[in-house]
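Fold and geometry: a report
Now for the letters of each chain:
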Amino acid sequence: MTAVFSHGRLRLYLLRLLDDGPKHGYELIRLLEERFLGLYAPSAGTIYPRLQRLEADGLVTHTAAGGRKVYEITEAGRAELRQRADEVTTLESDITASVEDLSALAGEIQTEVRGSVRDLKRELREATRQTRQTRQTRQTRWDRPAPASMSQPTPGPTPRQAPAPGGSPLLAEFDQRLAEFTVEVGALVRAGRLSDVQLRTAIRVLDGALDGLRRLLR
């Protein structure tokens, strides 16, 4: 859960959303995701226990409609919102600031990813070019007729028995970098104790890098 909703503030914000009208749980999740510009979306396991607690406290009630529970704020819930109006105002300001920070962070990460993808594309193109040149050079060498002085067979493999050409040094370096990248990212994520928002952003970054590679290699 994003830090702006610590210390029971998500519970208060759910009351604030229900004050606009009855809603079912997934509608509340969607509204929260829209409020955070898609950078944060609470899970059903986060929302429904709080709705149940609000109902147990008499602040909301629910009715069944279309197989879903539709929650509605009670007069006691509205009274609590009035009593905590200053907290609600502060919470709205904190959410706005949090969205701005998350958007800036996402923009910085996207810029870094675009730069990394460009570098990776350049290195892959160079590796591909060198690999093709190496294969063409070896193929030309194999297809060349042997000199007359070498008409007698000599020990060792014939051209048809020669092993397949190996990968280029850059390809080997790519494999090593990829392995190191996987290990380092995993270590950073586990050591950093990232929030759900940061983890979602990191996943989107990885997805973007993968999409860029797919387009490059098509």
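What counts as what
Residues numbered from 1 in each chain as written. Predicted model: local features only at pLDDT ≥ 70, side-chain atom pairs only at ≥ 80, totals over all residues. Heavy atoms only, no water. Patch = residues over 30% accessible without salt bridge, like charges linked within 9 Å, V, L, I, M, F, W, Y side chains within 5 Å. Areas by Shrake-Rupley, 256 points an atom, 1.4 Å probe, with all protein chains shown as cover. Salt bridge = Lys/Arg side-chain N within 4 Å of Asp/Glu carboxyl O. Buried < 20%, exposed > 50% of the residue type's maximum accessible area, 1.4 Å probe, protein only. Helix = DSSP H or I, 4+ residues; strand = E, 2+ residues; numbered from the N terminus. Pairing = 2+ DSSP bridges. Contact = heavy atoms within 4.5 Å. Axes fitted to C-alpha atoms, helices over the stretch in contact; angles between N-to-C directions.

1. Comments concerning a nonpolar patch on the surface
- On the surface, Leu 178, Phe 181 and Leu 206 cluster together into a nonpolar patch covering about 280 Å² of accessible area.
- Residue Phe 181 is classed as partly exposed on the basis of its relative accessible area of 44%.

2. Considering unusual backbone geometry
- One non-glycine residue, Leu 37, adopts positive backbone phi at about 55°.
- You can see Leu 37 is positioned in the loop between α2 (25-35) and α3 (44-56).
- Of the residues examined, Leu 37 reaches a relative accessible area of 57% and is grouped as exposed.

3. Quick word on the pairing of strand β2 (residues 60-65)
- With six bridges joining them, β2 and strand β3 (residues 68-73) adopt antiparallel strand pairing. Residue Ala 65 lies in a different strand from β3, and its bridge partner there is Arg 68.
- Connecting β2 to the next strand, β3, in antiparallel fashion are two residues, including Gly 66 with a positive phi near 60°.

4. A closer look at the sheet that holds β2
- The antiparallel open sheet is built from three strands, whose spatial order is β1-β3-β2. Of all strands in the sheet, those with a lone pairing partner are β1 (23-24) and β2, marking the two edges.
- Bridge count between β1 and β3: two bridges; the pairing is antiparallel. Pairing of His 24 across the sheet is with Val 70, part of β3.
- Running over the sheet, α3 touches β2 and β3 and is turned about 115° from β2.

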